[in-house]
Amino acid sequence: MELAMAAEELKAVVNRLRRAQGQIAGVIRMIEEGRDCEDVVTQLAAASRALDKAGFAIIATGLQHCLTDADLAASGDREQMRARLEKLFLSLA
């Protein structure tokens, strides 16, 4: 499945991933500085949520494109695509 996203969708996903990247860098610094465990876990959870949201946005866009793709509907691969998308959703669960 190809990653075909509109420029606006792609920008939003990249922004989420950059936010997560910054949060992960912050977590690493916090650990190296010996910061409070609760603060570290809070930041780690925020990074995890940012990654999840980016992943769900990518999957949702893929789902939207797959469901509107006339070639896919005509080819009879709908069930295979459904199974692949389900597997992707579950990988983020």
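Residues numbered from 1 in each chain as written. Predicted model: local features only at pLDDT ≥ 70, side-chain atom pairs only at ≥ 80, totals over all residues. Heavy atoms only, no water.

- The name an unreviewed UniProt entry gives the protein chain is Copper-sensing transcriptional repressor CsoR, with Streptomyces fradiae ATCC 10745 = DSM 40063 as the organism.
- What UniProt records for the protein chain under Sequence similarities (unreviewed entry) is the sentence "Belongs to the CsoR family." (UniProt positions renumbered as here; feature names shortened; annotations may be inferred.)

## Some points on the pattern of salt bridges
Okay, step 1: All chains considered together, the criterion is met by one salt bridge.
Okay, step 2: Here Glu33 and Arg35 are joined by a salt bridge, their closest N and O atoms 3.9 Å apart.
Okay, step 3: Overall, Arg35 belongs to the partly exposed group, its relative accessible area being 43%. (Salt bridge = Lys/Arg side-chain N within 4 Å of Asp/Glu carboxyl O. Buried < 20%, exposed > 50% of the residue type's maximum accessible area, 1.4 Å probe, protein only.)

## Let's talk about the confidence of the model for the protein chain
Okay, step 1: Chain-level statistics for the protein chain give a pLDDT mean of 80 and a share of 76% at 70 or above.
Okay, step 2: The spread of mean pLDDT over the elements of the protein chain runs between helix α3 (residues 70-75), the lowest at 55, and helix α1 (residues 7-32), the highest at 90. (pLDDT = per-residue confidence, 0-100. Helix = DSSP H or I, 4+ residues; strand = E, 2+ residues; numbered from the N terminus.)

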